Each structure stands twice: as structure tokens, then as C-alpha cells.
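This is what each chain is made of:
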There are 8 protein chains.
Amino acid sequence: MDEQRLKALLEQVRSGEVAPDDALDQLKTLPYEDLGFAKVDHHRALRVGAPEVIFGPGKAPDHFAQIFARLAARGNNVLATRVSPEQIELVCEEFPAAEHNPSARTLVLRQRQEKLGKGIIGIVSAGTSDIPVAEEAAVTAEIMGNDVTRLFDVGVAGLHRLLSHGDDLRMARVLVVCAGMEGALPSVVGGLVGVPVIAVPTSVGYGAAFGGIAALLGMINSCASNVTVVNIDNGFGAAYVASLINRL
Amino acid sequence: MDEQRLKALLEQVRSGEVAPDDALDQLKTLPYEDLGFAKVDHHRALRVGAPEVIFGPGKAPDHFAQIFARLAARGNNVLATRVSPEQIELVCEEFPAAEHNPSARTLVLRQRQEKLGKGIIGIVSAGTSDIPVAEEAAVTAEIMGNDVTRLFDVGVAGLHRLLSHGDDLRMARVLVVCAGMEGALPSVVGGLVGVPVIAVPTSVGYGAAFGGIAALLGMINSCASNVTVVNIDNGFGAAYVASLINRL
Amino acid sequence: MDEQRLKALLEQVRSGEVAPDDALDQLKTLPYEDLGFAKVDHHRALRVGAPEVIFGPGKAPDHFAQIFARLAARGNNVLATRVSPEQIELVCEEFPAAEHNPSARTLVLRQRQEKLGKGIIGIVSAGTSDIPVAEEAAVTAEIMGNDVTRLFDVGVAGLHRLLSHGDDLRMARVLVVCAGMEGALPSVVGGLVGVPVIAVPTSVGYGAAFGGIAALLGMINSCASNVTVVNIDNGFGAAYVASLINRL
Amino acid sequence: MDEQRLKALLEQVRSGEVAPDDALDQLKTLPYEDLGFAKVDHHRALRVGAPEVIFGPGKAPDHFAQIFARLAARGNNVLATRVSPEQIELVCEEFPAAEHNPSARTLVLRQRQEKLGKGIIGIVSAGTSDIPVAEEAAVTAEIMGNDVTRLFDVGVAGLHRLLSHGDDLRMARVLVVCAGMEGALPSVVGGLVGVPVIAVPTSVGYGAAFGGIAALLGMINSCASNVTVVNIDNGFGAAYVASLINRL
Amino acid sequence: MDEQRLKALLEQVRSGEVAPDDALDQLKTLPYEDLGFAKVDHHRALRVGAPEVIFGPGKAPDHFAQIFARLAARGNNVLATRVSPEQIELVCEEFPAAEHNPSARTLVLRQRQEKLGKGIIGIVSAGTSDIPVAEEAAVTAEIMGNDVTRLFDVGVAGLHRLLSHGDDLRMARVLVVCAGMEGALPSVVGGLVGVPVIAVPTSVGYGAAFGGIAALLGMINSCASNVTVVNIDNGFGAAYVASLINRL
Amino acid sequence: MDEQRLKALLEQVRSGEVAPDDALDQLKTLPYEDLGFAKVDHHRALRVGAPEVIFGPGKAPDHFAQIFARLAARGNNVLATRVSPEQIELVCEEFPAAEHNPSARTLVLRQRQEKLGKGIIGIVSAGTSDIPVAEEAAVTAEIMGNDVTRLFDVGVAGLHRLLSHGDDLRMARVLVVCAGMEGALPSVVGGLVGVPVIAVPTSVGYGAAFGGIAALLGMINSCASNVTVVNIDNGFGAAYVASLINRL
Amino acid sequence: MDEQRLKALLEQVRSGEVAPDDALDQLKTLPYEDLGFAKVDHHRALRVGAPEVIFGPGKAPDHFAQIFARLAARGNNVLATRVSPEQIELVCEEFPAAEHNPSARTLVLRQRQEKLGKGIIGIVSAGTSDIPVAEEAAVTAEIMGNDVTRLFDVGVAGLHRLLSHGDDLRMARVLVVCAGMEGALPSVVGGLVGVPVIAVPTSVGYGAAFGGIAALLGMINSCASNVTVVNIDNGFGAAYVASLINRL
Amino acid sequence: MDEQRLKALLEQVRSGEVAPDDALDQLKTLPYEDLGFAKVDHHRALRVGAPEVIFGPGKAPDHFAQIFARLAARGNNVLATRVSPEQIELVCEEFPAAEHNPSARTLVLRQRQEKLGKGIIGIVSAGTSDIPVAEEAAVTAEIMGNDVTRLFDVGVAGLHRLLSHGDDLRMARVLVVCAGMEGALPSVVGGLVGVPVIAVPTSVGYGAAFGGIAALLGMINSCASNVTVVNIDNGFGAAYVASLINRL
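Residues numbered from 1 in each chain as written. Chains lettered and ligands numbered in written order. Predicted model: local features only at pLDDT ≥ 70, side-chain atom pairs only at ≥ 80, totals over all residues. Heavy atoms only, no water.

Draft legend 1. Representation of the domain arrangement of chain A in the model. Residue and element names in this part refer to chain A. Split by domain assignment, chain A resolves into domain 1 (31-109) and domain 2 (120-247). Across the contact, 17 residues belong to domain 1 and 14 residues belong to domain 2. Interface area, domain 1 with domain 2, both sides summed: about 1,200 Å², of which 61% is carbon and sulfur. Where domain 1 meets domain 2, there are one salt bridge. Here arginine 82 makes a salt bridge to glutamate 136, at a shortest N to O gap of 3.5 Å. Linking domain 1 with domain 2 are three residue pairs in polar contact (both at pLDDT 80 or more), by the criterion used here. Per-class residue counts for the side of domain 1 that touches domain 2 are eight nonpolar, six polar and three charged. (Domains from an automatic or database assignment. Contact = heavy atoms within 4.5 Å. Buried area = accessible area lost by both parts, 1.4 Å probe. Salt bridge = Lys/Arg side-chain N within 4 Å of Asp/Glu carboxyl O. Polar contact = N/O pair within 3.5 Å; in protein donor to acceptor, adjacent residues only side chain to side chain. Nonpolar A, V, L, I, M, F, W, Y, C, P; charged D, E, K, R; others polar.)

Draft legend 2. Quick look at the pattern of salt bridges. As enumerated under the stated definition, the model contains 76 salt bridges over all chains in all. With its nearest N and O atoms 3.8 Å apart, the salt bridge here joins glutamate 114 of chain F to arginine 112 of chain F. One network of salt bridges, with partners in common, ties together Glu135, Glu142 and Arg150 of chain A.

Draft legend 3. Quick look at helix H6 (residues 131-143) of chain H. All names here are of chain H. Counted at 1.5 Å a residue, the expected span for H6 with its 13 residues is 18 Å, and the 18 Å between its end C-alpha atoms agrees. With respect to burial, H6 is a largely interior element, ten of its 13 residues being buried. Of the residues trailing H6, glycine 145 is marked for its positive phi of about 90°. (Helix = DSSP H or I, 4+ residues; strand = E, 2+ residues; numbered from the N terminus. Expected span 1.5 Å × (residues − 1). Buried < 20%, exposed > 50% of the residue type's maximum accessible area, 1.4 Å probe, protein only.)

Draft legend 4. The relation of the copies chain A and chain D, seen in detail. Structural alignment of chain A on chain D gives an RMSD of 0.3 Å, achieved by rotating through 180° and translating 0.0 Å along the axis. The superposition operator between the copies reduces to a two-fold rotation axis. For chain A, the residue whose C-alpha comes nearest the rotation axis is valine 229 of chain A, separated from it by 2.5 Å. Take the interface residues of chain A: 100% of them recur as interface residues in chain D, which is what a same-surface contact looks like. (Least-squares fit on C-alpha atoms with pLDDT ≥ 70 in both.)

Draft legend 5. The interface of chain A and chain D, seen in detail. Taken residue by residue, the interface counts 34 residues in chain A and 35 residues in chain D. A buried area of about 3,000 Å², summed over both sides, lies between chain A and chain D, and 70% of it is on carbon and sulfur atoms. Put simply, chain A and chain D have zero salt bridges between them. Connecting chain A to chain D are four residue pairs in polar contact (both at pLDDT 80 or more).

Draft legend 6. Representation of the sheet that holds strand S3 (residues 99-101) of chain H. Residue and element names in this part refer to chain H. Spatially, four strands are ordered S1-S2-S4-S3 in an open sheet, and the strand pairing comes out mixed. Of all strands in the sheet, those bounded by a partner on one side alone are strand S1 (52-55) and S3. Looking at each pair of strands side by side, their axes are set apart by 15° on average, direction ignored. By the bridge criterion, four bridges tie strand S2 (residues 78-81) to strand S4 (residues 106-109) in an arrangement that is antiparallel. (Pairing = 2+ DSSP bridges. Axes fitted to C-alpha atoms, helices over the stretch in contact; angles between N-to-C directions.)

Draft legend 7. The interface of chain F and chain B, seen in detail. Contact residues are listed per partner, giving 23 residues for chain F and 23 residues for chain B. Of the roughly 1,900 Å² buried where chain F meets chain B, counting both sides, 72% is carbon and sulfur surface. For the pair chain F and chain B, the interface holds zero salt bridges. Between the two partners, chain F and chain B, sit eight residue pairs in polar contact (both at pLDDT 80 or more). Sorting the residues of the side of chain F that touches chain B by element identifies helix H7 (159-163), helix H9 (185-192) and helix H10 (213-220) of chain F as the ones contributing at least two each. In terms of residue class, the side of chain F that touches chain B is built from 17 nonpolar, five polar and one charged.

Draft legend 8. Structural context of the side chain of serine 187 of chain D. Assignment of secondary structure puts serine 187 of chain D in helix H9 (residues 185-192). In this view, serine 187 of chain D contacts Val156, Ala157 and Glu182 of chain C together with Ser222, Cys223 and Ala224 of chain D; residues no more than four positions away in its chain are not counted.

Draft legend 9. Representation of the sheet that holds strand S1 (residues 52-55) of chain B. Residue and element names in this part refer to chain B. In space, the four strands of this open sheet follow the order S1-S2-S4-S3, with mixed pairing throughout. Each of the sheet's edge strands pairs with one partner strand only, and the pair in question is S1 and strand S3 (99-101). Each adjacent strand pair in this sheet contributes to an overall mean axis angle of 15°, direction not counted. Bridge count for strand S2 (residues 78-81) against strand S4 (residues 106-109) is three bridges, and the pairing is antiparallel. Residue valine 78 lies in a different strand from S4, and its bridge partner there is leucine 109.

Draft legend 10. Expanded view of the packing of aromatic side chains. All names here are of chain G. Under the criterion given, the structure shown has 32 aromatic pairs over all chains. Relative to tyrosine 240, the ring of phenylalanine 236 lies with its centre 5.9 Å away and its plane at 55°, an arrangement referred to as tilted. Pair noted here: phenylalanine 236 and tyrosine 240 are both in helix H11 (residues 235-247), with a separation of four residues, about one helical turn. The residues phenylalanine 236 and tyrosine 240 share a single accessibility class, namely buried. (Phe/Tyr/Trp six-rings, centres within 6.5 Å; stacked < 30°, edge-to-face > 60°.)

Put into C-alpha cells, the structure is as follows:
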């Protein structure tokens, strides 16, 4: 029951077609989603400029392609993450304009171009192995309408690499910092800037890295007060929040 | 906005006092809790015969006593769990009728007496150290209107104790089984009966018992298909669900 | 030694054919399973309307098919879970009536049709990735003689989807709720209804989801008192218990 | 060596007072902190409007009081968290204007009053036991110059409480959400709003809550894309980041 | 129903006093514990020469003393482990013959003296901090009728201490080896002897010793094939099994 | 330097051929393994009747076959565990007498036949999936010269299966009990017998079974005092210790 | 900007070519890496005699070969660890002088030969399965200019093997000790020598070895004071530190 | 049996007083500790300049004082760690020269003064709360004859503090770096220097710091190759190894 139908009901009450008691019954069983509050919710993601998003893993290629097509038909930007070669192939046949970023493992269909972010989002990664996660973040931030600066391979064991990019760090309005192994980079970056830092632990490492747990624990315990954390390898989520912040 | 006010609004629409557009605005911001659905929710717990419940730990004695008094004032049964001597003393001064069960660490004020459960709830415990948890379950089941049978100290290392109570087990409509250490009892009991078994891991044990984790893992992995599990030492929760089941 | 043989022995004692001492010897070595209590146990599962069940993983296809055939020969319903394509192929050749549910990864041979459940079992899932577990639960509940309502893809990040099905939730006599990632859905559903909720953590998620551990912990710590929990991905077990409850 | 002194050195080089080689030596040993970049860092925290902060635990009362006095002498606002009665007593003797918030366990000396945040920071807590953490967040946000709205005791097992505050949620520019036990509230709140949500797991709960680990895992695995997470009970850190965001 | 009563029933059947059908009814409800098998179970522990055992922690001193007195009344040896000063005081008043071993934290009442073990049980400990656990094992082995050799403070970081006792190790028929920290001693001892080694991880250590988990894991993964493991600090259990072995 | 050479040196000292000082030098650098004590160690395993053992995983088939041949050449029994089809094929070509047990995944070459165990070793398994581990134990016990009784598929959820084999349990001199999932069987068996029980957790199960951790924890926390534990799936190790015990 | 350029700038200031203010601007944006301190850092690794290092896993063979060639072009030694057959093949075509150590899974190009270590580095391994890690350490130590002694397969369950190499142990200036399973070897070795012992836990083992966690915990809790630890399977890192020590 | 007695035995063999066979018997039972190799071991610690060490926790004050006195009597330096006020009081009465360092919680009796270390040991700590651990390391290094430089409170969130001490870092011959929370400091320091870095995780932090586990994991996964790790809070052990290195 949408706003039109709700108004129609009220008109019927006014006109006497429907008695208040009967209207009351209808209102009492009114599905929640028909209220304004819920409607807001329904389209919330798109209104904040988020693309339609598909998480690739576990989806059969043809199923994936159908979802992609259906979302594309709405005219919004579409972002697919962690896509497989088979998924890419099928989609690109139908949507030659879809851009595949092999490093980020993303597939993007850009149907609307608007600059929504007010400043620059800095995407920082500790090592070269963290780049897929960092690129997923960068692609996400770009499709959500942000300018992005990439600072890759600036891990803490070679501080000069990071420090020589002090200007880039200071120019960002919000930073996404990706690191595996001991996950120390967000703490160091957090100490160098005065803006929010979103830390992404990556599954890079071996042995006691435990697939990203060591990095996650390190980031959650960061001694820098401007650091918050998302799930292991969740480049998309970090960039999503960074985009919300950059829009303020 | 309750039903009366909602009806009044609709009457105003009918009478023309309020225009449909203005009524629409009021309805769009209608707080969710004023709908029938939410109201149901609001009184749900009491309608299923649950007592008013207070969790003792962390509450200052006088604060605890005030909450107790306020809940008691509604005329319902009141159940307080894991109460401290100070909390008990303060409440019992004001409510001499409140029953303190030292083993269960509960305080109960019985203001209504109704039999709500259709059958017997069996409360089973593995060792004597598990009795506080089992008694918390028993007291909860009783205040929620059930007949309860207690089978305590029937752990798996002395099977004859358990097996000699076969009749008691088979007469229960639902069972709550409390065990610490390896937590094997629910699996064994589950294999002997055809009714739901709610397993309660207890923090009884030492070393690799890890405060109940070993028992919790054992119960979650039970090879008996009729076993579900609640949190460590959560005798109250197990009995709450058992009461819901026994009411069917 | 069944009841008939036991009675026969007693008759022989009465008639003097067997001396009391010899009867005593026979009774002392009487295997436990021949007592009434154990017999009950032996056929317990089937008497509560449970199907014969085969867990697919790790069984060679031909071995699997033989077990299936042997169980089918007893005339009961047969349920196989987590079946592989090879297992399905072999069984379906011999049992064309066997129904394969690809989503649930189940194989069912329905040889008896009886309605055993008194109400509706609601099967709820948070995301589309949780559907295999939810479908396993639904198939299990159906073969155990229950009416089932499916509410899929109603996760907590889009509450309106869940709330718009308030009637479906309230009409269920018991609910099975499947969720991965943070596993929050059972708590929310538990707060909306007054019946038992059986929570099934799923292995859906990545990174710190730890293959379902995060969801399992979330559910075990649920702030809703009517929630109990089964093992990760154990849709079968949840539906089994729900069926026992629905029969009361 | 600040900018003035650096310029002076260069002037001396130009005038011939200092030879290039000697200037080179001075520059080579130039302490990092004397460069502009480092200076920025040095005063960064205060420039973003953060108070001087003292973490109370483990500090002897007199040591604590001395630190407090020294920080207060700089004329900035001072915030002490998790303070003990002994620490409070000593400080309040000397600084009668210091405000002690018993619920938040904070001690605040307000010496400057400026509104730095552009919108409202919403502080949400699941249960009453989470209030100390939520209050620590609120006090922090306020001393950092923000308007704060508190929504306490709106846990997911009673959704109507949360939903009836839809307006408050939607009016916030950024939200801090504190929850223990299963930690589900941030996911639900995240689904209702389009702004960043900073989740704070609390150590509230028992048994398998593991002192906040269950809540932490739940939040890190949130199915809502606008959620980031800080350490267990870290209300201060969450509000710190929220303040940075609210200043944009 | 013991053997006598069972025989009496059969006599009544023979004599016609009791009809076979009535006897059948009695037999069907025959409690399991009355069968020979269960009886064996009931007195099993004492028949293998085990003392009556009381686990001290969590028992009120007067309750503890009553249990002690009741067990002592049966005329068997009594062993209490992890006893508190209050428990000791109360018991020793009534039983001046009770021996308190302060290092082992045990209280023993020796009422029967029989040598049941055929050889020597060697009790080995890595460090001086492991002695309480090792002494608990030694006291247990002695009260169960074994000769015991103690080799304490022979940890692996000073191999010469261990190796200089080669004869003692080789003379034992079974060994109990207690170690905390890395728990390496059982592997080394296991490699030096050809008899069963029962490893007891102790909670000695700090930091990543995790209260005995590191030692437990080390022992479970022992590269010596003759090592089995009991719970952390479970000196009693290790000696109990060693006693069973030494009796063969 | 063996005993003969040592004696020869002493003879040379006596005869004056070697000066005491020179002999002293030779003795000081005397390798440890040449002492009687070490020699004992060197042949220890074989003297206790253990076979030569090869752990299959990770060994290239041809490397594996070479080791097998070399060990076989010593004339002892050879036992290979967890062998792969390729390893089996290569060995069986050369050693047609080698017996492959597909269930146990073992390869055995029996070159000596002696009965070393004094009684029966009972090998018990909870489910059919635990049989590979149980069979590995049985094959090991047999090649070490023991009589073995197998009791498979007698898990705790169907107690009658276990209890009907009371005689078999009671006739064993030592028991090896294998179980996955909750690992409760050793506790139950331990309560039924008075001999040592060696518990083997298996990796059978899914979800929160954590590859055998749940079973391992359950067994380490067993409430039966006669239970000790070996590593997950370590059927060989359990049977090795059982054989040592059965030889006493 | 290196020292020469910095001096040139100062000369320009002196000569008046560059105004102090302009020089100031250049100095303020002076990249950190151009300072002497950072330069040291930049070439630090090579100056301590470390080879150029490539970690093989996750690198495409052609990408790997390009990196290898680029590093080789600098004229330094090149070390690649954990290389795959494809990576080896491509590199060896271009660099026939590259040495592949199949056991260590390393590829080494030796372009400079200098002895940098002052003594011998002893590389010790517990079992044959630990050899790949130990060989990685040995190859690393050798390419870093050290003499290496290998003591393999000297695990603690057969002490005589270790003790018979007492001289080799005592002659080393620093030791790298690799062990899986319970990881006890470093403690034993640490007790026999007076030099630093670097312990490398390996992922050798199964079940509760948890891929090296048990060994890691054992080593971190070593009762020998001269033991420090690196990550699981990190033979390279251990040898790197040993080389730094051996250079002192 | 020391060298003298061994030589005497050989002389007796030469003189014919003892027959070779009798000497052989004596040599076969020769205790290991009497060989040169073991003797070395026995006095190893002291020969490397280590003090006599007592670990305070768990020792009764009078017992502690006796041990202290006994060790002091040998004329060596004595170091007691983690001492309690009671232990200090008793010892200082008897040994007024004993120095108590309240921050390090150490008690030192200096009876010999020799400079054994060749260079400087740098002791670095991240925060002020890490100082007790860092001071324990410093005191240990000093009593072992080393020059020590302390760099405290130079955590990674304020890099300028660390970087401004570049000279101090570069002048150290080996570094001990103590950090809690995320434990990132050793990685950063490791990247700035070319000498061995021994990392000490501290138990500083709260919530997901898990008493030092997060820091331990971070350090074990350090991306700097020159970092090795000791147990949580083990300042003594780190300094012990640093002293061994500094002596080379």
C-alpha cells in the first residue's frame, strides 16, 4: 500500500465510502513497508549514490549474468565484486561497456556519472599482495562518485616510502588503509593525519597470520584514535563508508 | 498514538475537520509501536505467561530493589536470577512473601498461580556442581506454570543412575539437560527419549573446560538430533523455551 | 530377546521346565536392548515420524545407493542430505520416484504421507546464500509431516522485508531461522513472536565469519529468551526438533 | 628547529655567516619533528578539537592528578576516562569545575566551549548494561563540540523501541551504536539509515559472550555496508571518529 | 531389585504365586541398576582399589566435612583434593588421623593398607612450580596402593638433571610426567623409556602459556608414541590411570 | 663406540698401550649414543614389539617404497599408515605379501608373528565415519601382537547398542575408544569398565566440530577418571600405548 | 634529493641564485627519503649483506621471472623462496646459473661471493618433514655469506641422536632450530648451548598441531632463556636474523 | 664422577687394581652429568655472564628470601624479577645493598662488575604502560654487563617521537622493543635499523588485546625480517638474548 493508496483510503473516509472503523482495520494491518519510513529504507542505498552491487562468489555464471542484466536495466551504476572469469565473459558479451578491473576482480557498468564526494579518498596499501583489496576499494569509491588517490606498497618496514607521500596523505578527506600480516599500517597512517582512517585487514600472510586475524586484531587494538575497522578483505565495505563520509 | 486516537483521527477525516493530506502526514510519521503488530509485541512476554524477570549481576542493591518493587506493582509474578545476598535482603524486607532459593540463586514473588504447561518438564543435571544452573531452570519453569521433575547427579560416567530413571525421562514432554566438563549428558538423554531436549552447558570444570566452552561445543555437535543448545549457565533461557514448548 | 521370548521363559519357569536358577542366569545376561525400555529406543526415531536419514558426504555413490535401497525397503520415508550428483544419479535410476531438491541438496523418497504436525513451521533465512540450509530444513520438516511457510531473504539490514511478513511470523507454531555473517536474525525474529525459535548459524560469510563461528556465537548470546541453537549449517537438525515441537 | 629558525639558517648561508657545508651538517641531523610535516602531526590532535585525554586505569591517584593538572594548564579541555573514585577525589579538590559523570566514569574539565560538529551525533545502546560505554561516547562527543542525541535501551529483541525513534536515527549525521551479547544492533540500525555507523562491541554478557568477542565478531561481519567497528568497550574511540566525521 | 529378590520372584513364578504376565510387568520395569551389569558398575571404582574421592573447590567447609565423614564411615580410604585451609581444619578436628599434604593440597584418611600395584609408578615434574600437581599425583598413587618414585625439577632446559636419573626412569612400570610452559618433558621422557607415559599439562607459566593450553597442545602433539594426556593440572586423574595400569 | 670397543680401550689402558690421559680424552668425547643407556634407547621401540612404522602423507611414492623396502630388510614387521593408492601400488609390486587394509588406510608386512599382549584390546568406535581411525588402531594393535575385539558404531545416542556389548567391554584389558562430533563415548565407556580407556578424538563432524577440536576437548574433560587422550585421528598412537599396557 | 643536490642548493643560496624563501619551500617539501637517515634505510638491507629476496607464492610465473631479472640486473645475489616449478622453469631458461634447491624450494643466483659471517650458523631440524623449512634457512644463511652446519632429524623423542652431536651444537655461534608438532627441540637445544637460539615452528603435524600453532606456542613458552621465535615455517626470517648476529 | 675420579679409575685400570670388566661396568652406569659435556651445561648460564635469577611470583616471602641468600652466597650477581613488596622487605633487611627498581619490579644484588657487552643495547617501549616490561629488560641487560639506552614512549601513532631518535636507534648493536595493543613498534623499528630486533609483546591494552595476544600475533607476523619474538611481558628473556648477542 503506497502513499497514493493510503491517500485514496483517506479520501474514501472523508467521502463516507469507507467507515472509520473499517479504515482502522485496514490501517492496523498496514504492512510496514508501505509507510514512509520503510520506503525511505527501501531506496536508501541508491539515494546515497551507492551502485547496485553483486557479490560474485558462489553464483553460477548464467545466474550472475541475469542478476547483472536485471540491475543494469534500472539505469543505475552496477558494481560486481570478486568476479570469476566465467562470470566476466558472460556479462561482457551482453554489456561491452562493462569495465573489468583484473587487479580488483571487479566488473563495473557505469551508466550515470556524477561527482558526489566533496574531497579526495586516499586508498593506501602496505604491500603489493594487498593490492587486490585496495583496488576493490578504489573501484568502489570511484563508482560512488569520488576522486581517489592510490598509495600502494608503503608498508611500515620501509617508512621512507610512506613519509615521502606526506602531502598525499594530508590532502585526503578520509583514508582507507589495507594491510595484512601484522596490520600495523593504519596505526602509523592514523598518527600522521587528522581525518578518519578506515582499516581493512587483508588475508595476506602465512602461518600465524591466520588468514587475516592477526591483522584484524592489530587494527582493532590500534593506538591511533581515528581508526575504525571492517571485515578481512572487505575493500568494498571500507570504500562504501568512506564515500558516505566524503559526501558530508 | 493508540487505537483510540487513530480512530479519532479517522473520524475527523470523515467529518472534514482534518483534510486527507494532513491526515496522511500524521500517518506517515505514525510511530511504529502504535500499530497493532507492535502492541502485540509489547505485551508478548507477559501473554505467554512469562514472569517479569530481573538479571541480578551488576545492579546496585537499592536499584535492584526499586526495579523489583516496580515490576511487582504490576501484579505479575516476578523472577530475579543470580541475586546477591545484599539484593535479597533489601527485597525481602519489603516483600516478605518473596521466596529465595539459595541453590538456584533466585528470588521469586508469586502473585498469580496458573497452570500453563500441559505436561511435565524434566530438569536433568550431570553433577552436583551443575545444580545451581539446573535449579535456576527448575524455578523458572515452575514460576511459568509448569510441573517439574528433577533428576540431578545422573552424569554419563555412571550410566545406571540415569537409566534407573527411564520412566521419569519418558514421562517428560520436554527436557532441560545441564552438564559441564565434556557436556555429554544431553546426547545420551537425547538418545533415550523422543521429545525435544534443551541442553545447557555449565561452567563447571577446570583446565581445558574453558569455563563451559568444551561443554558448549560438545552439545552443539551432539549426535542426537533432538538437542538444541542455549548459552553457558543459562538455566533461565532453557526453561523459558521449555515452557513455551510445554504450552503447545 | 523380545517380550514374547521373555514371557515364554517365565512360562517355562512356571511349568518347571526351567529352574529359577537357570532363568536367573539367562536374565542376568539379558542384553539391554531386549528390555522394553531399549526397544522403545530402538524404534523411537521412526515412531516420532522421522524419516530414515542418510548423511551424504564421504559415502561412495554405490555404497550410498545400497544404504538408500535398504532403508527404502522398510517402507518408510527416506531422506538423504547433502547429496552429490553421483549419489543422486545412482539412486534416481533405481528409484524414479525419489525427489531431488537441488537447492536443498536433498533426495527424498516419500512412501508414506501423514500429517503429523499440528501447526505451521516457519522457515526463515537472512540472505539468498543461506537458502540451501533453509531448504534442507524445509524439506526435512515437510517429509516429517508438517506444513511449512518459507520466508527467505529477510535479513536484518533491510528490516521492512521482515516486518512486512509479520502475519506469517505470527502464524507459525515454531520457527527455524537461518543466518550467516553476524547471525542477528534469530534475535530480531525472537523479539517479534511468542513461540520457540530454533536458530541455525550458516557458514555464509568470509574473513572473520570463520565459517559460521561468528553467527553461532551471536545466536548463543541472543538477547531474545526464546532462541535455542543447533550446529552450523544443520538445517536438518533444526527442522527435526521443530517437528517434534509441532507434534505436541 | 621551526620554520623561522630554518629560514634564519638559510639567511646565514646567503650572508656567508654559515658555510654551505656546515649548513648541510645541520640539515642532515635536522630532527624530523622540526619539519613542517611533523609539526602538523605534533599538534594535530588539538587542532581537530580533541581534548587532552587521560586513560585512568593503572595510574596512581597522585600521578593521575599531576597529569591532569599539567594538561589543564595548557588551557584546553581535558577528558579523563575510566576514572576511579580516588582519582576523582584528588582532581576535584584542585579543580572544582571538573565534572564527574558517574555513569560514563569520566572526568571532564571544560575550559573552551566551541561548537565544532555540523550536525547531530546519535549515540545508541542496546541494553541498560551498555550505558557506561555509550555515556563515555556521549561525553567524548560533547567535549569535542558536538550536539548529541542519546537513544538507550533499544535492543533488537524489542524492535518497536528502536523503530519508534526513527526520526532521531534519521536526524543524526553519524551514529555510534553500542551493544554487547550478540551485538546485532549496529546491523539493524545500519539498515535504517544512510549515514556512517560506528559500532562499539561491549563486554556485556556472560558465557559464550567471551567478554565482548561475540559482539565484536558480529559487528565485523555486519551485513549492513555502512558499519565500521572499534575495540570492545571503546566508547571514547568511537566518539572520537564520529566527531572527526561530524566536522566535515 | 537385587539378585536375591530376582530369584525370589522366579520362585514365586514357579510356585504359581505370581503369574508369568505379572512377573513380566515387573521385569519390564526392572530398574537397570539392579542387573548384574549395573551392580558391577556401582562398586567398580572401589573394587579397583580407588579411594573415595572428594574434589574440594566450591564446597562449603561444613558440607565438605559431612561428605568426608560419610565416606569415611564406609571404611574405605578417603582422598580429598585441592582442599582449603577451612576444609582441612574442620575435617582434622574430627579425624586426627587424616593426613594433610600441604604441597599436594590433599587430605587423606588411610583406613586400609594394601599393596595393589605390581611395580613402581614414576612421578616426574619439570619445574618446582609443577610440584603441587605432581604431588597430587603421588599422593593419589600411594593411597591407591602403589610404590612411587618422585623425580622433580628435571625440566628439558637442563637435560643433565633428567639424564642422571636414567635408572629411576627405566625402573618405573608407568610414568606420570607433569610440565607447564611448553610442556616438552613428556616427549623427552617418552623417548627414553619403553613404558606408558601419562602427561599432565600444568597451568604453570604466563603470557602465551594460556593457563596450560600451550602445554596441553604440546603434549597432545607429542612425537613420542607412548604418551597420552589428561586435563590441565589433573594430577589425580593421571595417577588414577597409572594405578590401573600398574595393577595389570 | 660400542661395548666391545670400550672394553678394548680399557684393556689397552691396562696393558699400557694407551695412557690414562689419552684414554680420558677419548672418554670425554665419547658420543652419548655409545653408552648403554642410549643403546637401550636406540632399539627401544623394536624391543617393546613395535613394528617399523612409516607415516605416509607427504612422501613421494618412490621415496615411500624405498623406505618401506629398507625397513623390511631388517626382518621386522612393517606398518605404514595413511597410505595413498600410489604408495600402495609401488610397494605391493615388490612385496606381494604386504596386506593393504583399505578401511584403515594401512599397509602391513608381517615378517614375525608373536603374541605379545596378555589380554584383549577392545577397539570401540562411535559412528561408521570413525571406522578408518578405529581400524588404524586395530591394525596397529594386531601387528603389535595383540588379540583385538572390534565394537563399531555404538555411539551414545543409541545406548542400547553399546550396552548390549557389556561382556565385550568387560573382557578387554584395555580399551581404545574413537569418536568424533561431541566425543562423548569414552566417558560413557569409561564409566562401564574398570580398565584404562584411551580416547581418540576423530575429525568426524562439521561446523563447530572444528575438525576434531570439540571431541578432543570433550575427552580431555571427561568425567570418567580412567580416560586419557591422544591426538585427533591418532589411532596408531592409541593402539601403541594400549599395546604397551597389554604387555604388562 | 641526495647530499650532492642538497649541497648544491645551499651553494645557490650562498651565491644568491636562490632566495632563502625559495630554498625554504624546497626544504619544506623535501621528501623524507632524501635525508641521510632515510638513505641509510633505503639501502640498509643490501648493506647488511642480505640478498635481494622474492617470495614466490601468488606471483604469476612471467611476473616472477621479470622481477627476478630486474633484481639480478643490480648485480647483487638474488634469493627466491617457495618457488613453483613454473617459476623455476622460466627463470632457469634465462639464468642458467641460478641454483634450484628442490628440498628448500629456493632459487638462488649467486653474483657476489663474500664471507660475512664470523662463525658457524647451526641449522637443526626435529624431523625429516621439517627439512624444507630447515633447508630454506640453510640456503638463506649461505647466500648471506655464512658457514652452515646442518643437524637434521634430531628430534627430542630420540635424544641420543641430538646428544651425539654435542660438538656441532657447541661450535655454532648462533643456532636456528626448526620443529613441528610439539616444538620442543629449541628448549632442549637451548639448554645445551650458551648462544642465541632462533626457533622456527613448522606446520608439520596433524590434528591439534593446528598447522604449527602448537609448536609456536611451545616455543614462545620455552623454559630456555636463550630462545626467540619467528613465524611458522619462516626459515628465511630465522636465517636472516642469525646472519645479522653472526656478523657481529 | 668428575674428571679427577675418571682419571683415577683409569689409573687403577692401568695399575691392575681394577679389572677392565669392572671398569666397564662403572663406565656403563656413569651418570651423564659427570661427562665434560654435561658439566659445561651445568655452569653454562653463569659462564655467559648471566646472573642468578629468581622469578618472584608464587614464592612465599621467607622462601624467596632464603633462595636469594643462598644464591648470593655464591658470590655472583643476583636478579629477582616481578618481586612483591613482602619479598623486597625481607631481602633488603638482610642485603641492604640490594637495589630495588620499583618500575621494573626487580631486585638486584650486584657482587661483580664486569663489562661483557661490546656495544649498546637499545631498549624501546611504545607507551608509558609498557615501561615495567621495558625496565625489566633494561635492568637485566645492565646486570649482565651491558650499556643500555632507553627510548620510552615512542609508539607508532606519533612517529616523530621515534624518528627524532634515529641516532639512538642506529647506535645500538641490538634492540629490545616492547609494545602492547597492536604491537606495531618492532616492525617500524626493524625497518629503520640493520641489527637484530627482539620484540616483547606486553599485556597492555583491553578488549580484543586479549592480554597481549594481539601484540604477540602482530610481532610474529612482522614484515621486517630482522625481528624475533619472546613471550608476553618477558622483558627478562629478551634482554637475556640481547646480552648473548652483544657479547659476540
